[in-house]
Amino acid sequence: MSKKKNLSEYNISDVPDASDMKIAIVFAEWNQEITLALADGAKTTLLNHGLNEKNLFINSVPGSYELPMGAQYIFENNRDIDAVICIGCVIQGETRHFEFISDAVANGIMNVAIKYNKPVIFGVLTTDNFSQAKERSGGKHGNKGDEAAITAIKMIELKKIS
Ligand code: RBF
């Protein structure tokens, strides 16, 4: 990955203020050591950018495959949520589940985003092994949860101004 694309080292002044936003995080319980670190990174970044904690909603789903449905329920039940950040970690195993789950989650998340015309952020690691996931959830490649949070804020703002 190019260094320039790593939003963990972003310029804070480029990120809009989130104080009037309402955002949900939905994380998968599979590979929880990773997904909790990602969700925590996302939460900290959202709060650092002004999101009021009472406007942050955190839910979990069993596995990454359930993330799109989790996002859909959140929008269905909370019509004023501006964006959902989906957090998961799919690790390559010996069978083909990796491709099935990763493809389904990526497509499912996009479908929910288009259905509700609101950002649904793909904060899902798809790695060859556990150590790659560790490196991206607070390790040497930053925390992709932080990047997911910034993406949510930027997309909510873009919807407002475009
Ligand atoms: N969920 C994940 O979030 N990450 C995984 O790496 C993962 N691996 C799985 C491997 C297999 C063989 C199966 C059957 C499920 C796996 N799941 C994983 C769970 C999946 O996302 C979902 O919760 C279940 O398939 C139930 O719909």
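Just so we're clear, the structure is a prediction, and the values are computed from it rather than from any experiment.

Reading the values: rules and limits
Residues numbered from 1 in each chain as written. Predicted model: local features only at pLDDT ≥ 70, side-chain atom pairs only at ≥ 80, totals over all residues. Heavy atoms only, no water. Helix = DSSP H or I, 4+ residues; strand = E, 2+ residues; numbered from the N terminus. Expected span 1.5 Å × (residues − 1). Buried < 20%, exposed > 50% of the residue type's maximum accessible area, 1.4 Å probe, protein only. Arc of directions from axis to C-beta. Salt bridge = Lys/Arg side-chain N within 4 Å of Asp/Glu carboxyl O. Core = buried A, V, L, I, M, F, W, Y, C linked by side-chain atoms within 4.5 Å. Contact = heavy atoms within 4.5 Å.

1. Some points on helix H3 (residues 97-116)
The first and last C-alpha atoms of H3 sit 28 Å apart over 20 residues, in line with the 28 Å expected at 1.5 Å per residue. Listing the buried residues of H3 in full gives Phe 98, Ser 102, Val 105, Gly 108, Ile 109, Val 112, Ala 113 and Tyr 116. Seen along its axis, H3 keeps its buried residues to an arc of 140°; they face one direction. For H3, the exposed residues set more than 90 degrees away from the buried face come down to Phe 100, Asn 107, Asn 111, Ile 114 and Lys 115.

2. A look at the pattern of salt bridges
By the definition in use, this model includes 9 salt bridges. Through salt bridges with shared partners, a single ionic network connects Asp 20, Glu 157 and Lys 160.

3. Considerations on the nonpolar core
With 27 residues, the main nonpolar core has Met 21, Ile 23, Ile 25, Leu 46, Leu 51, Ile 85 and Ile 153 as its most contacted residues. At the level of secondary structure, the elements contributing two or more residues to this core comprise strand E1 (23-28), helix H1 (32-48), strand E3 (83-91), strand E4 (120-127) and helix H5 (144-161). In terms of residue count, H5 provides more of this core than any other element does, 6 residues in total. Once residues within four sequence positions are removed from consideration, Ile 85 is found in contact with Ile 23, Ala 24, Ile 25, Val 26, Leu 46, Ile 121, Ala 148, Ala 149 and Ala 152. With 20 residues, the next largest nonpolar core counts Val 26, Ala 71, Ile 74 and Val 124 among its residues.

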